[in-house]
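A structural walkthrough
Here's the letter readout for the chains.
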Amino acid sequence: MCLAIPSKITHIENEMATIDVDGVRRSASLMLLEDSAVGDYVIVHAGFAIKKLDEESAMETIRLLKEAAAFVDNLEAGKG
């Protein structure tokens, strides 16, 4: 299973971006996207940015993922 988490582009050099995922920074290729810019939100799969998202959609997805993670944590702690 693959989970796509929106990531914010914080730096671009050539066709490589530094992306931020909730404070964790990684590198991703921008070869598959046109017109990417610092500040854009992207979905990354296997090291490649494959889709741009608007900020509202990215924030909503991140919020839902955090809710799901908290739910699972509560279940595992016997609180669910």
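The shown structure was predicted, so the numbers you read here are calculated from the model rather than taken from an experiment.

**Points about the pairing of strand β3 (residues 24-29)**
One ladder, built from six bridges, connects strand β2 (residues 16-21) with β3; its direction is antiparallel. From the neighbouring strand, Thr18 faces β3, where its bridge partner is Ser27. Taken together, β2 and the strand that follows it, β3, pair antiparallel across an intervening segment of two residues, in which Asp22 is found at a positive phi of about 50°.

**Digging into the confidence of the model for the protein chain**
Averaged over every residue, the pLDDT of the protein chain is 91; residues scoring 70 or more account for 95%. Looking at the elements of the protein chain, mean pLDDT is at its lowest for helix α1 (residues 55-76), recorded as 91, and at its highest for strand β1 (residues 6-13), recorded as 97.

**Remarks on the environment of Lys51**
The residue Lys51 is located in strand β5 (residues 48-53) in this model. Measuring from C-alpha to C-alpha, the distance between Lys51 and Ile9 comes to 12 Å, with 42 residues separating the pair along the chain. Once residues within four sequence positions are removed from consideration, Lys51 is found in contact with Leu33, Tyr41, Val42 and Ile43.

**Some words on a nonpolar patch on the surface**
Taken together, the side chains of Met31, Leu32, Phe48 and Ile50 define a hydrophobic patch exposed on the protein surface, amounting to about 400 Å² of accessible area. Along the chain, Ile50 falls in strand β5. Take Ile50: its relative accessible area is 44%, and that puts it in the partly exposed class.

**Re the pattern of salt bridges**
All told, the structure shown has five salt bridges when counted by the stated rule. Of the charged contacts in the structure, one is a salt bridge between Glu67 and Arg63, with a shortest N-O distance of 2.3 Å. A residue pair is termed a helical-turn pair when its members lie 3 or 4 positions apart in one helix, as Glu67 and Arg63 do in helix α1 at four residues. What makes Arg63 partly exposed here is its relative accessible area of 37%.

**Details of the environment of Leu33**
Counting through the fold element by element, Leu33 comes out in the loop between β3 and β4 (41-45). Note: C-alpha distance between Leu33 and Glu67 (34 residues apart in sequence) is 29 Å. Non-local contacts of Leu33, meaning those with residues more than four positions away in its chain, are made with Val42, Ala49, Ile50, Lys51 and Lys52.

**Quick look at the environment of Ser36**
Position of Ser36 among the secondary structure elements: in the loop between β3 and β4. Counting along the chain gives 17 residues from Ser36 to Leu53, while the straight-line C-alpha distance between them is 11 Å. Contact partners of Ser36, with chain neighbours within four places excluded, come to Ile9, Ile12, Leu30 and Lys52.

Conventions we followed
- Residues numbered from 1 in each chain as written.
- Predicted model: local features only at pLDDT ≥ 70, side-chain atom pairs only at ≥ 80, totals over all residues.
- Heavy atoms only, no water.
- Pairing = 2+ DSSP bridges.
- Helix = DSSP H or I, 4+ residues; strand = E, 2+ residues; numbered from the N terminus.
- pLDDT = per-residue confidence, 0-100.
- Contact = heavy atoms within 4.5 Å.
- Patch = residues over 30% accessible without salt bridge, like charges linked within 9 Å, V, L, I, M, F, W, Y side chains within 5 Å.
- Areas by Shrake-Rupley, 256 points an atom, 1.4 Å probe, with all protein chains shown as cover.
- Salt bridge = Lys/Arg side-chain N within 4 Å of Asp/Glu carboxyl O.
- Buried < 20%, exposed > 50% of the residue type's maximum accessible area, 1.4 Å probe, protein only.

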